[in-house]
Amino acid sequence: MSRILYIVKEYFPKIGGIETVACQLAEYFSKQGHDVKLLCCGQKNEHVNINGVDVHRVKPFFKVGSAPVSVTYIKKFKELAKNSDLIHFHVPNPIGEFAYLISRLRSKKVLCTYHLDPIRPKSFVKIYKKLLHKFLSKCEFICATSQNYINSSDVLAEYKNKCRVTPSGVDVDMFANVSKEAISEAEALVKNFKHPRILFCGRFSYYKGIKYLAAAMKDIPDANLILVGDGEKYDEVQTQVHELNLTDRIFFAGRLNFELYRAMYHVCDLFVLPSIFRSEAFGLVGIEAMSAGLPIITTELGGGSSYYNIDGKTGFVIPPADVDALSNAIKKIINDKDLAASMSQNARERVLEFSLNKMYERYEKIYEEMKI
C-alpha cells in the first residue's frame, strides 16, 4: 500500500473534465487499497471523506483570474506532502505547482496529468508559464490526454521525452446501456422535436462554440437541435435562438439528472462538440456520445476530440468557428443513412480504447514504473 496525494484546483461536487478525471483516479486507487488524500480549494476549510478519498479543502483568500491564492493552502500542502509516497498533480493549478516548488520536497516522487495549456487571463499567462516550466522540469512523468496535445502544445514541446499518452476515459457500458424507462422519459422530453435530432451536451461557456452550432441550424431546416447543460452563456444563446427564429427547432433541456442525461444520447441521431478554443483540451462528452453509438462532429483544436474522433470514420473533424463547414458536415451524416450507420458502428468500436479500465491500466503502469 502506498500513500498517494492528489493535487487539483477543485473537486467534487464541482463538475468538469479535470475534476472528473481527478475523482475517477482518486477513488479507483483508494479501492485498490492505497491511502489516498486529495488537496483542493473550496468554499470553506474542511476535511471530509468522499468514497474512500480523504479530501482536504482550503478556502482561498482571493483569485487571480480563476487561479486561487492562499497561504493556508501552501501550509496544508507541505503537511500532506511530507507523509506521501507519490504526489500526483492535475495541471493547470498555479497554487499547487507553486506550493511544491517552494516546499523543496525533492525526494518525493512527482508526476502530473497535463490537462491543458494556460490560456486566460492573457496578462497572467506569461508569468504562469515560467512557473509551469520550473514545475514540469521536476516531474518524473507528464501524462497528457492525447498525442495531439503533446504535438501541438508549445509548453510540452520541451518535455516530450517525459510525456506519456493517458487519455481520459468514461464508463462505456454505462452510456451504452440505459434503461428503457429512462429512454422513454428522454423521448417524452423532446417529443415535439422530430428526428433527425442533433445533440450538444456541456457547459454554455465561451470556448464551446454553441453560437456557431445554433447558426448552422438555419441552413438545416429538416433537423432539430437539443442543447443539454447550462452556464454563463446560456442567456446569450437563448437570445440568439430567438433572433434566428429557431425556437421551434432548438430545445434547451437544461441540466438533467444523470440517468436522463445518459438517455438523451439514445434519443438523438448525431452529437456535435463545436468548441473553438484549446480550453477544450479533451471533451469527455464526445466519448460518452460514441459509447452510445452516435456519429460525432468535433473541431480541430490539436487536442483530444480529434484524437478519439477519426475524421470520415467515426464522424467528421472540421475547422473551428466555421458555420458552413459545420452545417455541411451535419447534412452529410443526416442525409446518408449508410454513412451514419457505419460511423455509429465505428464509434462503438473506437471508444473501447477510451474506457475507464483502459485509463486505469495506463496509470497503473506509470505508477509501477515509478515503483509505487
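In short, a report on the structure. Every value quoted in this text rests on a predicted model; they were computed, and no experiment measured them.

**What to know about unusual backbone geometry**
Alright, step 1. In this structure, the amide linkage connecting Val91 to the following residue, Pro92, adopts the cis form with an omega of 15 degrees.
Alright, step 2. Looking at the element boundaries, Pro92 is found in the loop between strand E7 (86–91) and helix H3 (94–103).
Alright, step 3. We note that Asn51 has phi near 50 degrees; this positive angle belongs to a residue other than glycine.
Alright, step 4. Position of Asn51 relative to the elements: it lies in the loop between strand E3 (46–50) and strand E4 (53–58).
Alright, step 5. Of the residues examined, Asn51 reaches a relative accessible area of 54% and is grouped as exposed.
Alright, step 6. The backbone phi angle of Asn245 is positive, close to 60 degrees, even though this residue is not glycine.
Alright, step 7. Among the secondary structure elements, Asn245 is positioned in the loop between helix H9 (234–243) and strand E13 (250–254).
Alright, step 8. Judged by relative accessible area, Asn245 falls into the exposed class, the value being 59%.

**Topic: the nonpolar core**
Alright, step 1. Core analysis: the biggest nonpolar cluster contains 65 residues, and Leu199, Ile226, Tyr265, Phe271 and Ile297 have the highest contact counts within it.
Alright, step 2. Here this core gets five residues from one element, more than from any other, and that element is helix H11 (residues 284–291).
Alright, step 3. With sequence-adjacent residues up to four places away left out, Leu199 is seen in contact with Ile226, Val228, Met264, Tyr265, Cys268, Leu270, Phe271, Val272 and Leu294.
Alright, step 4. Counting residues in hydrophobic clusters, the runner-up holds 37 residues, among them Phe77, Ile95, Ile142 and Ala144.

**A look at the pattern of salt bridges**
Alright, step 1. One pass over the full model with this rule turns up 16 salt bridges.
Alright, step 2. A salt bridge links Lys37 to Asp54; the shortest N-O distance between them is 3.9 Å. Within this pair, whereas Lys37 is found in strand E2 (residues 35–41), its partner Asp54 is found in strand E4, the two being separated by 17 residues in sequence.
Alright, step 3. On the basis of relative accessible area, Asp54 is assigned to the buried category, the value being 16%.
Alright, step 4. We note a salt bridge from Asp219 to Lys331, for which the minimum N-O separation is 2.8 Å. Linking Asp219 in the loop between helix H8 (210–216) and strand E12 (224–228) with Lys331 in helix H13 (residues 323–334), this pair joins segments that are 112 residues apart in sequence.

**A few points about the packing of helix H2 (residues 71–82) against H3**
Any two packed helices are characterised by the angle at which their axes cross and by the distance between the axes.
Alright, step 1. Two elements in contact, H2 and H3, have axes whose closest approach is 9 Å; the angle formed by their N-to-C orientations is 60 degrees. In this view, H2 runs oblique relative to H3, as classed from their interaxial angle. When you trace H2 past H3, the crossing you get is right-handed. On the side of H2, the interface is formed by Tyr73, Ile74, Phe77 and Lys78, while H3 contributes Ile95, Gly96, Phe98, Ala99, Tyr100, Ile102 and Ser103.
Alright, step 2. For the contact of H2 with H3, the per-class residue count stands at eight nonpolar, two polar and one charged.

**A closer look at the sheet that holds strand E15 (residues 296–299)**
Think of a sheet as strands paired side by side through backbone hydrogen bonds, with each pair either parallel or antiparallel.
Alright, step 1. Read across the open sheet, the six strands follow the order E13-E12-E11-E14-E15-E16; overall the sheet is parallel. Each of the sheet's edge strands pairs with one partner strand only, and the pair in question is E13 and strand E16 (315–318). Going across the sheet, the axis of each strand differs from the next one's by a mean of 20 degrees, ignoring polarity.
Alright, step 2. Where H9 meets the sheet, its contacts fall on E12 and E13, and the angle it forms with E13 comes to roughly 160 degrees.

**Considering the sheet that holds strand E9 (residues 141–144)**
Alright, step 1. Strand order in this open sheet of eight strands is E3-E4-E2-E1-E7-E8-E9-E10, and the pairing throughout is mixed. One side of each edge strand has no neighbouring strand; the edge strands of this open sheet are E3 and strand E10 (163–165). The sheet shows a mean angle of 25 degrees between the axes of neighbouring strands, taken without regard to direction.
Alright, step 2. Bridge analysis of strand E8 (residues 109–114) against E9 gives four bridges, and the strand direction is parallel. Considered in E9, the bridge of Cys112 is made with Ile142.
Alright, step 3. Its contacts with the sheet place helix H1 (residues 17–31) against strand E1 (3–7), E2, E3, E4 and E7, and it is angled at close to 160 degrees to E7.
Alright, step 4. Helix H15 (residues 356–369) contacts E1, E7, E8, E9 and E10 of the sheet and is inclined by roughly 175 degrees relative to E9.

**Considerations on the packing of aromatic side chains**
Alright, step 1. Within the structure shown, the criterion is met by 25 aromatic pairs.
Alright, step 2. Here Phe89 and Phe135 contribute two aromatic rings whose centre-to-centre distance is 4.8 Å and whose plane-to-plane angle is 70 degrees, an arrangement assigned as edge-to-face. Residue Phe89 is found in strand E7, and its partner Phe135 is found in helix H4 (residues 122–138); the two are separated by 46 residues along the sequence. Judged on exposure class, the residue Phe89 and its partner Phe135 are both buried.
Alright, step 3. Measuring from ring centre to ring centre gives 5.6 Å for Tyr261 and Tyr265, while their planes differ by 75 degrees; the resulting arrangement is edge-to-face.
Alright, step 4. Residue class for Tyr261 comes out buried when judged on its relative accessible area of 14%.
Alright, step 5. Among the aromatic residues, those joined into a ring-pair cluster are Phe175, Phe258, Tyr261, Tyr265 and Phe271.
Alright, step 6. Its end group placed over the ring of Tyr149, Arg278 keeps NZ or CZ at 4.1 Å from the ring centre.
Alright, step 7. Across the ring face of Phe316, the terminal group of Lys332 is positioned such that the distance to the ring centre comes to 5.5 Å.

Thresholds applied
- Residues numbered from 1 in each chain as written.
- Predicted model: local features only at pLDDT ≥ 70, side-chain atom pairs only at ≥ 80, totals over all residues.
- Heavy atoms only, no water.
- Helix = DSSP H or I, 4+ residues; strand = E, 2+ residues; numbered from the N terminus.
- Buried < 20%, exposed > 50% of the residue type's maximum accessible area, 1.4 Å probe, protein only.
- Core = buried A, V, L, I, M, F, W, Y, C linked by side-chain atoms within 4.5 Å.
- Contact = heavy atoms within 4.5 Å.
- Salt bridge = Lys/Arg side-chain N within 4 Å of Asp/Glu carboxyl O.
- Axes fitted to C-alpha atoms, helices over the stretch in contact; angles between N-to-C directions.
- Parallel < 35°, antiparallel > 145°, perpendicular 65-115°, else oblique.
- Left-handed = near helix turned anticlockwise from the far one by under 90°.
- Nonpolar A, V, L, I, M, F, W, Y, C, P; charged D, E, K, R; others polar.
- Pairing = 2+ DSSP bridges.
- Phe/Tyr/Trp six-rings, centres within 6.5 Å; stacked < 30°, edge-to-face > 60°.
- Lys NZ or Arg CZ within 6 Å of the ring centre and 35° of its normal.

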